[in-house]
Amino acid sequence: MEYSYNTKGTCSSKIDFDINDNVITNVRFTGGCNGNLQAISKLVEGKTADEIESLLKGINCNGRGTSCGDQLARAVREAAV
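Residues numbered from 1 in each chain as written. Predicted model: local features only at pLDDT ≥ 70, side-chain atom pairs only at ≥ 80, totals over all residues. Heavy atoms only, no water.

Asks: It is not clear to me how the nonpolar core should be interpreted in this structure. Could you clarify?
Replies: Most often, soluble globular proteins have nonpolar side chains that are buried together. Ranked by internal contacts, the top residues of the largest apolar core, which has 20 residues, are Phe17, Val27, Phe29 and Leu72. Only strand S1 (2-6), strand S2 (12-20), strand S3 (23-31), helix H1 (34-44), helix H2 (49-56) and helix H3 (68-80) provide two or more residues apiece to this core. At 6 residues, the largest contribution of residues to this core is made by H3. Those residues in contact with Leu72, other than ones at most four positions away along the chain, are Ile15, Phe17, Val27, Phe29, Ile40, Val44, Ile52 and Leu56. (Core = buried A, V, L, I, M, F, W, Y, C linked by side-chain atoms within 4.5 Å. Buried < 20%, exposed > 50% of the residue type's maximum accessible area, 1.4 Å probe, protein only. Helix = DSSP H or I, 4+ residues; strand = E, 2+ residues; numbered from the N terminus. Contact = heavy atoms within 4.5 Å.)

Asks: How should I be thinking about the packing of H2 against H3 in this particular structure?
Replies: To describe two helices that pack against each other, one gives the angle between their axes and the distance between the axes. Two elements in contact, H2 and H3, have axes whose closest approach is 8 Å; the angle formed by their N-to-C orientations is 150°. Of the possible angle classes, the one that applies to H2 and H3 is roughly antiparallel. Between H2 and H3 lies a crossing of left-handed hand. Across the interface between the two elements, Ala49, Asp50, Ile52, Glu53 and Leu56 from H2 touch Gly69, Asp70, Leu72, Ala73, Val76, Arg77 and Ala80 from H3. Taken together, the residues of the contact of H2 with H3 break down into 7 nonpolar, 1 polar and 4 charged. (Axes fitted to C-alpha atoms, helices over the stretch in contact; angles between N-to-C directions. Parallel < 35°, antiparallel > 145°, perpendicular 65-115°, else oblique. Left-handed = near helix turned anticlockwise from the far one by under 90°. Nonpolar A, V, L, I, M, F, W, Y, C, P; charged D, E, K, R; others polar.)

Asks: Before we go on, may I ask you to explain the sheet that holds S2 in this structure?
Replies: The pairing of strands in a sheet comes from backbone hydrogen bonds and takes either a parallel or an antiparallel form. Read from one edge of the open sheet, 3 strands run S1-S2-S3, paired in antiparallel fashion. The open sheet has two free edges, formed respectively by S1 and S3, since each of these has just one partner strand. Strand after strand, the sheet turns through a mean of 20° between neighbouring axes, direction not considered. Of the strand pairs in this sheet, S1 and S2 are connected by 5 bridges, and their pairing is antiparallel. Looking at S2, one finds that Glu2 is bridged to Asp18. Docked against the sheet, H3 engages S1, S2 and S3, running at close to 40° with respect to S2. (Pairing = 2+ DSSP bridges.)

Pasting the structure below:
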């Protein structure tokens, strides 16, 4: 199932990914730091929502209280419910 999440408080504006049996694939960010976000996408490929959330939840970018990684953690948690 394809899922889209509109981010809040980050340079990236949207995250799209596929979720099947709680496994995340094909993560794509719209906007943000292209190189870093490509790296995040590759590193989380094939991981479960729980694994991604435990790795990325709470990461803070420049005092914003969130980050693209944190937003991905929130997105996969929302999609997994």
